[in-house]
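Listed below are the residues making up each chain.
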Amino acid sequence: MREVVALLVDGIIYSSWLFIIALGLTLIYGVMKILNMAHGSLYALGAYVAATLVGYWLGHGYAPLASYGMLALAAVIVGLVAGPLLERGLLRFMYGRDEVVLLLVTYALFLILEDVAKLIWGVEPYYISEPYGMLGNLDFAGLTYPVYNLVLIAVSVIAGVALASVLRYTHHGKLLSAVIHDREISLAMGINVARFYLVTFTIGTMLAAIGGALTAPTVSVVPGMGVQVIVLAFAVVVVGGLGSLPGAALGALIVGLVRSAAVHYKPEVELFSIYAVMALVLIFRPKGLFAAAEVRKI
Amino acid sequence: MKRPDATQLALIAALIAFLVLGLLLPKWLFLLTLSLGKGLVVLGLMLLLRTGLVSFGQGLFYCLGAYAVGSLGQFFVIKDALLLLLTGVAIGALVALLLGFLMAKYRDIFFAMLSLAFSMILYGLLVKSAALGSTDGFNVPPPTLFGSPVGGAAHQYALFALACVMVFVAALVLHAYFETPLGRLSPAIRDNEIRVEYMGASVRQAIHVKYVIAGALAGLGGALTAMTVGHIDPDLAYWTTSGEFVFVAILSGTGSVIAPFLGSVVFEVIRTYAYQYSPNTWQLVVGGALLLVIIFLPSGLWSVFGYLRRRGSA
C-alpha cells in the first residue's frame, strides 16, 4: 500500500514538473505551429538566471524567504527578454514556411542558446539548494517529502488553470482561439495577429523559464541541462496531442506515472518506458490522444 | 554501354583523388574516414529529405550498425571487415524494414517525432544494459581484411581506402536510383503526394523503400564509424547525434549524391578546429551557420555550384 502511495506521489510530482514545461511547448505549437526545439534551452536559461539571482540575493543576506520571488523574477526576465528577441528578431521572418523548416530553425536556436549560456555563465555548475530545503519536510502516509514539491504541484495547477481560463473566458482568449483556427480570416477581421504571436511566444518562453527556475534549487545547474528536457517535453505533448492543453495535462500525468512506476519496479527501463509510451501513442493515435480531426487538403 | 554522366565522372575522379590524398596526408586519415562514415548516414537522410521527410532518428540505425560491429568483434570474434560492414548494412535495413511499415504512414513533424522516439528507445535500452557497457560503451577490436589487419594507428590507410570504396559504390548506386521511376517519385511526393496516388503509384510503398535504403546506409555508416573510432557508446543513438546528421544534410543540400560527403567533410573539419580552439562556442557557430543556410541557401551548399554554372553559361 505504502509503495503504491509513494509511486503515485512521485509520479504526480514529476508530472507537475513535466506539465509546466510542456504547457509552454504546446501553447506555442497550438498558436504558431512551431514545434520549438529551443524550449529546453529556454528552460536552462531560466535555471541559470534563477541561480544567479538567488545567489546574489542570499549572498547579500537579504530575507531568505524572498528568494522564491527571485525564482519568479528569473522566469519573468527570461520571458520578457528572450521571448520578444527570438520572435521579433528571427521567427517572424519564417512564418508561412513548412513546419519542418521551423523545426530546423528552432534546432539552430537550440544550438546557439546552449553556447550562449556557456558564454555567460561558464561551464562550472551552480548550486542554489536553499529554497529547496527552507520549507522543511512533510510527512505523508508514512513517507517524508520536501514541502518544496508542493510548491511545484501548486505552480503547475495554477499555470494550467490560469491559461485555460484566459483562453476560455476572456476577450483576448477568444480572439486567440480565432487566430488558432484561421489566421487569415482573423487578420481580415482586424485582429492584430502579429501581436498575438509575440505575446504567445513570450508566455511560452516564460513557462519554460518557470520550469527551469523551479528546478534550479533541486539540481546542479550545468551546461546541457536542457538537452534531455526537450525530448521529455516532446514526449509529453506528442502523447497528449500537439497544441492541446488538456492533452498536455494528460500526457504529463501518463509520462510522469509511467516513469515513476518504472523507477519503483524496474529502474533499468526508466528512459526506455517514457519513449516506448510516446511511440505506442504515436502508433495508435498518430496525432496524440487529444488531437482534433483535420480536413484533408489537396 | 552508356557514357558516364558528369556525376559518375566526378565520383571516379573523387575516388582517385581521395585515395592519393590519403597517401599524402596520413594525419588526416582518421578525420576523413570518420566523415565518410557519417556522410553515408547523411546520404540516406538526403534521400528522405528529397521526399520531404526529416528523420530526427537516423542515430537509431547508425548506433545499431556500430553495436553490431562491436558485438560481433567482442563476443563472437568475427573480425573480417567486409563481413562486419555487411552486417551493419543488414541490421540497418532489417530494422528499417520492420519500422518502415509504421513510419511510411507518417509525415512532417510526426515522422520526425516518431523516428526520434525510436532512437531514444534504443538509447534508453543501451544506457541500462550492463552487458554492453551501459553509458561507457565498449571498445571495438580492430578488424581484418582478407586476414590482414585494417584500422588502428598502423593500418589506418587500409580502412580509409575501404571506406572510400564503400562510399563510391553507395553513391553510384544511389545516383542510379535517383534516375529510376521509384527514385523520381521523391520530389513528386514532396510536392503533392495525393496527385502521386492519383497517378497510380503507392506513396507508402515508395517511402518504405526509401526508409529501408536510408536505414541500410546509416547502418553501414555506423559500422564504419565503429571500426574507425574503435569505441562505441549509447550516445550514437542520442537525439543530438541524429540532429547533427540533419544539420549536415541541410547544409549539403539534396542536389547531388556527392553533396552529403562534401558537407560531411566540411562539417567534421570545421568542428575539429572549432572544438580545439573554442570549445564553448562551436555550437554557436554551427547553429548560426544552419540559420544562414536555411535563410539564404534553402537548397544547401550544393546549390552554389548550380548557380555558378548557370551564370557561367548565361
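These figures come from a predicted structure and were not determined experimentally.

Q: Describe the overall build of chain B, with residues and values.
A: Secondary structure summary: chain B contains 13 helices and 4 strands in total. Here the C-alpha atoms of chain B give a radius of gyration of 19 Å, agreeing with the 20 Å that 2.2 N^0.38 yields for 314 residues. Summarising its shape, the C-alpha atoms of chain B cover approximately 50 × 50 × 45 Å along the three principal directions. The burial tally for chain B puts 50% of its 314 residues in the buried class. Excluding contacts between residues fewer than 6 apart, the proportion of contacts in chain B whose partners are at least 24 apart in sequence is 81%.

Q: Can you tell me about the packing of helix α1 (residues 2-32) of chain A against helix α9 (residues 193-215) of chain A, naming the residues and giving the values?
A: All names here are of chain A. Running from N to C, α1 and α9 point in directions that differ by 165°, and their axes come no closer than 8 Å. Of the possible angle classes, the one that applies to α1 and α9 is roughly antiparallel. With respect to the hand of their crossing, α1 and α9 are arranged in left-handed fashion. Along its contact with α1, which presents Trp 17, Ile 20, Ile 21, Leu 23, Gly 24, Leu 27, Ile 28, Val 31 and Met 32, the element α9 presents Phe 196, Tyr 197, Thr 200, Phe 201, Ile 203, Gly 204, Thr 205, Leu 207, Ala 208, Ile 210, Gly 211 and Thr 215. Grouping the amino acids of the contact of α1 with α9 by side-chain chemistry returns 15 nonpolar, 6 polar and no charged.

Q: I'd like a rundown of the interface of chain A and chain B, residues and numbers included.
A: Taken together, the contacts link 34 residues of chain A with 34 residues of chain B. The element best represented in the side of chain A that touches chain B is helix α4 (residues 99-121) of chain A, accounting for 16 residues. For the side of chain A that touches chain B, the per-class residue count stands at 29 nonpolar, no polar and 5 charged.

Q: Break down the pairing of strand β2 (residues 143-146) of chain A for me, citing the residues and quoting the values.
A: In terms of strand pairing, strand β1 (residues 137-140) of chain A meets β2 of chain A through 4 bridges, oriented antiparallel. Each bridged residue has a counterpart across the sheet, and for Asp 139 of chain A the counterpart in β2 of chain A is Thr 144 of chain A.

Q: Could you give me a rundown of the packing of helix α3 (residues 59-75) of chain B against helix α9 (residues 203-229) of chain B, with the residues and numbers involved?
A: Residue and element names in this part refer to chain B. Close contact between α3 and α9 brings their axes to 6 Å; oriented N to C, the two are set at 45°. When the interaxial angle is binned, α3 and α9 end up oblique. α9 is crossed by α3, and the crossing has right-handed handedness. Touching Phe 61, Tyr 62, Cys 63, Leu 64, Gly 65, Ala 66, Ala 68, Val 69 and Gly 70 of α3 are Gly 215, Ala 218, Gly 219, Leu 220, Gly 221, Gly 222, Ala 223, Thr 225, Ala 226 and Met 227, all from α9.

Q: Explain α3 of chain B to me, and be specific about the residues and the numbers.
A: All names here are of chain B. With 17 residues, α3 extends 23 Å between its outermost C-alpha atoms, agreeing within 8% with the 24 Å of an ideal straight helix rising 1.5 Å per residue. A large share of α3 lies buried, amounting to 14 of its 17 residues. Of the residues trailing α3, Val 77 is marked for its positive phi of about 50°.

Q: Break down the confidence of the model for chain A for me, citing the residues and quoting the values.
A: Summarising the model, chain A shows a mean pLDDT of 85, and 97% of its residues fall at 70 or more. Per-element confidence in chain A ranges from a low mean pLDDT of 76 for helix α5 (residues 130-134) of chain A to a high of 91 for α9 of chain A.

Conventions used here
Residues numbered from 1 in each chain as written. Chains lettered and ligands numbered in written order. Predicted model: local features only at pLDDT ≥ 70, side-chain atom pairs only at ≥ 80, totals over all residues. Helix = DSSP H or I, 4+ residues; strand = E, 2+ residues; numbered from the N terminus. Rg over C-alpha atoms; globule rule 2.2 N^0.38 Å. Buried ≥ 20, exposed ≤ 12 C-beta atoms within 10 Å, placed from the backbone. Contact = placed C-beta atoms within 7 Å. Axes fitted to C-alpha atoms, helices over the stretch in contact; angles between N-to-C directions. Parallel < 35°, antiparallel > 145°, perpendicular 65-115°, else oblique. Left-handed = near helix turned anticlockwise from the far one by under 90°. Nonpolar A, V, L, I, M, F, W, Y, C, P; charged D, E, K, R; others polar. Pairing = 2+ DSSP bridges. Expected span 1.5 Å × (residues − 1). pLDDT = per-residue confidence, 0-100.

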